[in-house]
Amino acid sequence: QVQLTESGGGLVQPGGSLKLSCVASENIFTSRLPVMGWYRQAPGKERELVTTRSRYGTTKYADFVKGRFTITSAPMKGALYLQMNSLEPEDTAVYFCYAKNYAGTDTWGPGTQVTVSS
């Protein structure tokens, strides 16, 4: 099973930016690992989808992203990124890297904390 490790979280002021990184233990967007993405979980709330992308380039964003976040990748490095701009206090959450493999098995990383506060 793929291993995922996130980094890049931290404390940022409202309106600021952060770039999250995820490194997988294998190449991504392959036939073995066709779907990658990001989820988040705020305190007291359920985990929710932020964005996903398939190996064919199909990309989905949650409505709350509103054009502020962008998913990018370096597949041969096993790397996935999430550029987050115009951050709001409501974006405060633990952000998880996500992968779905060829068998439909979901995997999440341990998460990285993002706190948006003045």
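Details of the structure are given in the entry above.
Residues numbered from 1 in each chain as written. Predicted model: local features only at pLDDT ≥ 70, side-chain atom pairs only at ≥ 80, totals over all residues. Heavy atoms only, no water.

Caption draft 1: Region of the structure containing the packing of aromatic side chains. Enumeration according to the criterion identifies three aromatic pairs in this entry. Between Tyr39 and Trp108 the ring centres are 5.8 Å apart and the planes differ by 80 degrees, which places this aromatic pair in the edge-to-face class. Here Tyr39, found in strand β4 (residues 35–41), pairs with Trp108, found in strand β10 (residues 106–108); they are 69 residues apart in sequence, far enough to count as distant. Between Tyr98 and Trp108, the ring centres sit 5.4 Å apart and the planes meet at 45 degrees, which makes this aromatic pair tilted. Residue Tyr98 is located in strand β9 (residues 93–100), and its partner Trp108 is located in strand β10; the two are separated by ten residues in the primary sequence. Residue Tyr98 is classed as buried on the basis of its relative accessible area of 4%. (Phe/Tyr/Trp six-rings, centres within 6.5 Å; stacked < 30°, edge-to-face > 60°. Helix = DSSP H or I, 4+ residues; strand = E, 2+ residues; numbered from the N terminus. Buried < 20%, exposed > 50% of the residue type's maximum accessible area, 1.4 Å probe, protein only.)

Caption draft 2: Expanded view of the environment of Thr105. Considering the arrangement of structural elements, one finds Thr105 in the loop between β9 and β10. If near-sequence neighbours (up to four positions away) are discounted, Thr105 is found in contact with Gln1, Ala99 and Lys100. (Contact = heavy atoms within 4.5 Å.)

Caption draft 3: Region of interest: the pattern of salt bridges. Counting across every chain of the model gives five salt bridges. Here Asp91 ties to Arg40 by a salt bridge, and the two come within 2.9 Å at their closest N and O atoms. Remark: Arg40 occurs in strand β4 and Asp91 occurs in the loop between β8 (79–84) and β9; sequence separation between them is 51 residues. Per residue, the accessibility class of Asp91 equals that of Arg40, and both read buried. One salt bridge connects Lys100 with Asp106, and the closest N-O pair in it is separated by 2.8 Å. Taking relative accessible area as the criterion, Asp106 reaches 31% and is therefore assigned partly exposed. Taken together, the shared-partner salt bridges connect Arg40, Glu48, Arg68 and Asp91 into one network. (Salt bridge = Lys/Arg side-chain N within 4 Å of Asp/Glu carboxyl O.)

Caption draft 4: Geometry of the sheet that holds β8. Taken together, the four strands give an open sheet; going across it, the order is β1-β3-β8-β7, and neighbouring strands pair in antiparallel fashion. Each edge of the open sheet carries a strand with a single partner, namely β1 (4–7) and β7 (69–74). Across this sheet, the average inter-strand angle for adjacent strands is 20 degrees, counted without regard to direction. (Pairing = 2+ DSSP bridges. Axes fitted to C-alpha atoms, helices over the stretch in contact; angles between N-to-C directions.)

Caption draft 5: Local environment of the state of the cysteines. The final tally for this structure, using the stated rule, is one disulfide. There is a disulfide in this structure between Cys22 and Cys97, and the S-S distance comes to 2.1 Å. One quick way to see it: the torsion about the S-S bond of Cys22 and Cys97 is about -80 degrees, and its sign makes the bridge left-handed. Here Cys97 lies in strand β9 and Cys22 lies in strand β3 (residues 18–24), a separation of 75 residues in the sequence. The exposure classification of Cys22 matches that of Cys97, with both residues buried. (Disulfide = S-S within 2.5 Å.)

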